[in-house]
Amino acid sequence: TWNHILLIDSNSPLMEQLNFFHDHTLLIITLITILVGYNMLSLLTNSFINRFLLHGQLIEIIWTILPAIILLFIAFPSLRLLYLLDETNKPSLTLKSIGHQWYWSYEYSDFKNIEFDSYMVPSAELNEGDFRLLDVDNRIVLPNHTQIRLIATATDVIHSWTVPSLGVKIDATPGRLNQTNFYMNRSGLFFGQC
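What counts and how
- Note that residues are indexed from 1 along each chain, following the sequence as it is written.
- For this predicted model, a pLDDT threshold of at least 70 governs which residues receive local features, and a threshold of 80 or more governs which side-chain atom pairs are given and counted, while totals over whole chains, interfaces and linings are taken from all residues.
- Side-chain numbers come from the whole structure's heavy atoms, not from hydrogens or water.
- In this text, buried Ala, Val, Leu, Ile, Met, Phe, Trp, Tyr and Cys residues form a nonpolar core when linked through side-chain atoms within 4.5 Å.
- Working definition: with a 1.4 Å probe on protein chains only, accessible area under 20% of the residue-type maximum means buried, over 50% means exposed, and in between means partly exposed.
- Starting at the N terminus, helices and strands are each numbered in turn, a helix being any DSSP run of H or I of at least four residues and a strand any DSSP run of E of at least two.
- UniProt positions are given in the numbering used here, feature names are shortened, and annotations may be inferred rather than shown by experiment.
- What a helix is expected to span follows from its residue count: subtract one and scale by 1.5 Å.
- Here, residues are in contact when the closest pair of their heavy atoms is within 4.5 Å.
- Working definition: a ring pair exists when centres of Phe, Tyr or Trp rings (six-membered ring for Trp) sit within 6.5 Å. Plane angles under 30 degrees give stacked, over 60 give edge-to-face, the rest tilted.
- With a 1 Å grid spanning the protein atoms alone, the term cavity applies to any set of points in which a 1.4 Å probe fits but cannot get out, the term pocket to an open set with protein on both sides within 12 Å along at least five of seven lines, and the term lining residue to any residue with an atom within 4 Å of a point.
- Grid points are joined across faces, edges and corners, and a volume is the space filled by probe spheres set on the points.
- Note on pairing: two strands pair once DSSP finds at least 2 bridges between them.
- An automatic or database domain assignment provides the domain bounds reported here.
- As used here, buried area is the combined drop in accessible area, with a 1.4 Å probe, of two parts when they are placed together.
- The term salt bridge refers to a pairing of a side-chain nitrogen on Lys or Arg with a carboxyl oxygen on Asp or Glu at a separation within 4 Å.
- Identification of polar contacts relies on pairs of N or O atoms within 3.5 Å, with a donor-acceptor requirement for protein atoms, meaning one able to donate a hydrogen and the other able to accept it, and with residues adjacent in sequence counted only if both atoms are side-chain atoms.
- Three residue categories are used. Nonpolar comprises Ala, Val, Leu, Ile, Met, Phe, Trp, Tyr, Cys and Pro, charged comprises Asp, Glu, Lys and Arg, and polar comprises the others, including Gly.

Glancing now at the nonpolar core. Residues Tyr-106, Leu-150, Trp-161, Leu-166 and Phe-182 are the most contacted members of the largest nonpolar core, which totals 18 residues. The leading source of residues in this core is strand β4 (residues 147-154), at four residues.

In this structure's numbering, the residues bearing the UniProt feature "transmembrane region" (unreviewed entry) are residues 25-49 and 61-85. Along residues 25-49 the backbone is 84% helical and 0% strand, and the end-to-end C-alpha distance reaches 36 Å. Here residues 61-85 runs as 100% helix and 0% strand, with 36 Å between its end C-alpha atoms.

Given a rise of 1.5 Å per residue, 33 residues ought to cover 48 Å, and the 48 Å separating the end C-alpha atoms of helix α1 (residues 13-45) matches this to within 8%. Within α1, burial applies to Leu-14, Met-15, Asn-19, Thr-25 and Ile-28. Looking at the buried side of α1, the elements it contacts are α2 (57-86) and β7 (178-183).

On to the UniProt feature "domain: Cytochrome oxidase subunit II copper A binding" (unreviewed entry) in the chain, then. The UniProt record marks residues 90-194 with the feature "domain: Cytochrome oxidase subunit II copper A binding" (unreviewed entry), using the residue numbering of this structure. Secondary structure across residues 90-194 comprises 0% helix and 41% strand; the distance between its end C-alpha atoms is 27 Å.

Turning our eyes to something else, we now look at the packing of aromatic side chains. This model, assessed by the stated rule, comprises five aromatic pairs. With a centroid separation of 5.7 Å and an interplanar angle of 40°, the aromatic rings of Tyr-106 and Phe-116 are classed as tilted. Placement of the pair is Tyr-106 in strand β2 (residues 103-108) and Phe-116 in strand β3 (residues 115-119), with a sequence separation of 10 residues. The pair Tyr-106 / Phe-116 is uniform in exposure class, with both members buried. With centroids separated by 6.3 Å and ring planes inclined at 35°, the aromatic side chains of Tyr-108 and Phe-116 adopt a geometry described as tilted. The burial state of Tyr-108 is the same as that of Phe-116; both residues are buried. Aromatic rings pair up to connect Tyr-106, Tyr-108 and Phe-116 into one cluster.

Moving on to the layout of surface pockets. Approximately 880 Å³ is the volume found for the largest pocket. Mapped by element, the contributors of at least two residues to the lining of the largest pocket are β2, β3 and β5 (159-163). The dominant element in the lining of the largest pocket, judged by the number of residues it contributes, is β5, at four residues. What the second largest pocket holds in volume is close to 340 Å³.

Turning our eyes to something else, we now look at the pairing of strand β6 (residues 168-172). Residue alternation in β6 divides its side chains into a buried set, Val-168, Ile-170 and Ala-172, and an unburied set, Lys-169 and Asp-171. In terms of strand pairing, β5 meets β6 through five bridges, oriented antiparallel. Considered in β6, the bridge of Ser-160 is made with Asp-171. Where β5 folds back on β6, the antiparallel hairpin that results is connected by four residues, among which Gly-167 adopts a positive phi of roughly 70°.

Entries for the chain in the domain assignment read domain 1 (13-86) and domain 2 (93-184). With five residues of domain 1 at the interface, the matching set in domain 2 holds seven residues. Both sides together, the interface formed by domain 1 and domain 2 hides about 400 Å², and carbon and sulfur atoms give 57% of it. Looking at the side of domain 1 facing domain 2, the largest losses of area belong to Pro-13, Leu-14 and Met-15, adding up to 73% of the total buried there. Along the contact surface separating domain 1 from domain 2 lie zero salt bridges. On the surface where domain 1 and domain 2 come into contact, there are zero residue pairs in polar contact (both at pLDDT 80 or more). In terms of residue count, α1 provides more of the side of domain 1 that touches domain 2 than any other element does, four residues in total. Residues that form the side of domain 1 that touches domain 2 fall into these classes: five nonpolar, no polar and no charged.

What follows is the structure, given as structure tokens:
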């Protein structure tokens, strides 16, 4: 259906900001496309000529400064959003995620001895309504309305821990700890990819 063209529903304030930035940039790109298309169409259809027009200092200044201003309208919200995504402020819970080939290991670092492995459910064992290549045997349980820090690493190759509805994507690299944070607005079942 048509609603599958849009971005998925957000579950965090950061993903809402990413959606707003997407819509903001898409509006600017649409206006630029309409303006350039109109100019190209008018160039193809008109028959006006000007023998005395040898240079256009004013139009050259306009078409140099106008794109720079448009880029500033895209760059400033983008930089603000990058700083918001990188900000980690007093997490209430820390989750450590270790990427292995074909599965993830999780540790709740704030508690003792809470760690488990999470494997993808094979296609032959899926129940009715389960999602192929998304459902796992041990799901992560996290509280909502809580600032959560995620620390990601890997044991073998580079992995990517992603939950699109939270606006979270972090690379798990062997020998390195990467950190991000997220905040969930509502409870539910949210799927991610690797």
